[in-house]
Amino acid sequence: MHEVAVIEDPAAAEVSLDPVRARLLAELAEPNSATTLAAKVGLPRQKVNYHLRTLEQHGLVELAEERRKGNMTERVMRATAASYVISPTALAAVQPDPGRAPDRLSARWLLAVAARLVRDVGTLITGAAKADKKVATFALDGEVRFATAADRAAFAEELAAAVTDLVAKYHEETAAGGRAHRVVVAVHPSIPKD
C-alpha cells in the first residue's frame, strides 16, 4: 500500500468522491471483507460488494486475499493507498494554469502553482511506478512567525533573492545530460490546529 496515491482519471476521481465509497476507502486502510465492512458502515453486504467492485475497477482497492468459507470464497480487499489526492488532470478542461495570471503575491496564483505541483508530481509518481524507479524530489516545510507585515515583506524579498542566487549558481542551460527541475517556494498563513 502506498502512503499517497494521485488520482488522475476523471472517472476514478468521481468514484472516490462518493461519500459511501470514500468511507469504504478509509475503512480499507486495513484489509476487510464485504461482510465486515457492511456491519461497520451499516449497509447490506450486496451493496458494499457493488461499491467495492466499482472501487476495484478504478484501481482504488485491490484484492488482499481470498478465504474459503464453507462453499463460498470471501474476498478480502484493501485500499491501494492510505490517502488519495485528486490531480487537476482529472479536471483537464478547467485545471488551474499559473501562466494565466502570474502574480506572486496572489493566493489564487499560489493555488494554481500548487495545483501544477500536484499534477506534475502525480505524473512523475505514475511514470516512476511503471518504470519501477524512484522520483528524485526534495521538499522543505517549516513555519515562521512574523512580528509585523513589514517583516513578512522583507522576508519574502530576502527569500526571493536567496533562491534567485541559488538558481543562478547551479543552473546550467546547456549541460549535457542535465535535467531541468522546477523550484516552488511558497509562503502562506498557517491554519491553526483545532
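Everything below is about the structure printed above this text.
About the criteria used
- Residues numbered from 1 in each chain as written.
- Predicted model: local features only at pLDDT ≥ 70, side-chain atom pairs only at ≥ 80, totals over all residues.
- Heavy atoms only, no water.
- Helix = DSSP H or I, 4+ residues; strand = E, 2+ residues; numbered from the N terminus.
- Buried < 20%, exposed > 50% of the residue type's maximum accessible area, 1.4 Å probe, protein only.
- Lys, Arg positive; Asp, Glu negative; His and termini not counted.
- Salt bridge = Lys/Arg side-chain N within 4 Å of Asp/Glu carboxyl O.
- Contact = heavy atoms within 4.5 Å.
- Pairing = 2+ DSSP bridges.
- Core = buried A, V, L, I, M, F, W, Y, C linked by side-chain atoms within 4.5 Å.
- Arc of directions from axis to C-beta.
- Polar contact = N/O pair within 3.5 Å; in protein donor to acceptor, adjacent residues only side chain to side chain.

Novice: Can you explain the side chain of Arg-21? Please cite residues and give values.
Specialist: For Arg-21, the position within the fold is in helix H2 (residues 19-27). Buried charge Arg-21 goes without a salt bridge, the closest partner of opposite sign being Asp-18 at 4.5 Å. If we ignore the near neighbours within four places in the chain, the residues touching Arg-21 are Val-15, Tyr-50, His-51, Thr-54 and Leu-55.

Novice: Can you tell me about the pairing of strand S4 (residues 72-79), naming the residues and giving the values?
Specialist: By the bridge criterion, 2 bridges tie strand S2 (residues 32-33) to S4 in an arrangement that is antiparallel. The residue of S4 that forms the bridge with Asn-32 is Met-77. Note that strand S3 (residues 61-69) and S4 share 8 bridges and pair antiparallel. Paired with Glu-62 across the bridge in S4 is Arg-78. If you look at the hairpin formed by S3 and S4, you'll find 2 residues sitting between the two strands, and Gly-70 has a positive phi there, around 65 degrees.

Novice: For the nonpolar core, give the residues involved together with the corresponding values.
Specialist: Ranked by size, the top nonpolar core spans 19 residues in total, and within it Leu-28, Val-48, Leu-52 and Leu-55 carry the most contacts. Listed by contribution, the elements that provide at least two residues to this core are helix H1 (10-17), H2, helix H3 (34-41), helix H4 (45-57) and S4. In terms of residues, this core owes the most to one element, H3, which gives 4 residues. Every residue in contact with Leu-28, bar those within four places of it in the chain, is listed here: Met-1, Leu-37, Leu-52, Val-61, Met-77, Arg-78 and Ala-79.

Novice: Could you give me a rundown of the environment of Val-48, with the residues and numbers involved?
Specialist: Take Val-48: it is sitting in helix H4. When its relative accessible area of 0% is taken as the criterion, Val-48 is described as buried. With 14 residues separating them along the chain, Val-48 and Ala-34 place their C-alpha atoms 5.8 Å apart. Discounting residues that sit within four places of it in the chain, Val-48 has contacts with Leu-24, Ala-34, Leu-37, Ala-38, Val-41 and Leu-43.

Novice: Describe in detail H2, supporting the description with residues and values.
Specialist: Residues separated by three or four positions in an α-helix point in the same direction, a consequence of the helix having 3.6 residues per turn. What H2 keeps buried is the set Arg-21, Leu-24, Leu-25 and Glu-27. Around the axis of H2, the buried residues are gathered within 160 degrees of arc, so they sit on the same side. Exposed residues pointing more than 90 degrees away from the buried face of H2 are listed as Pro-19 and Ala-26. Here H2 starts with a cap whose side-chain oxygen sits 3.0 Å from the backbone nitrogen of Val-20, and that cap is Asp-18.

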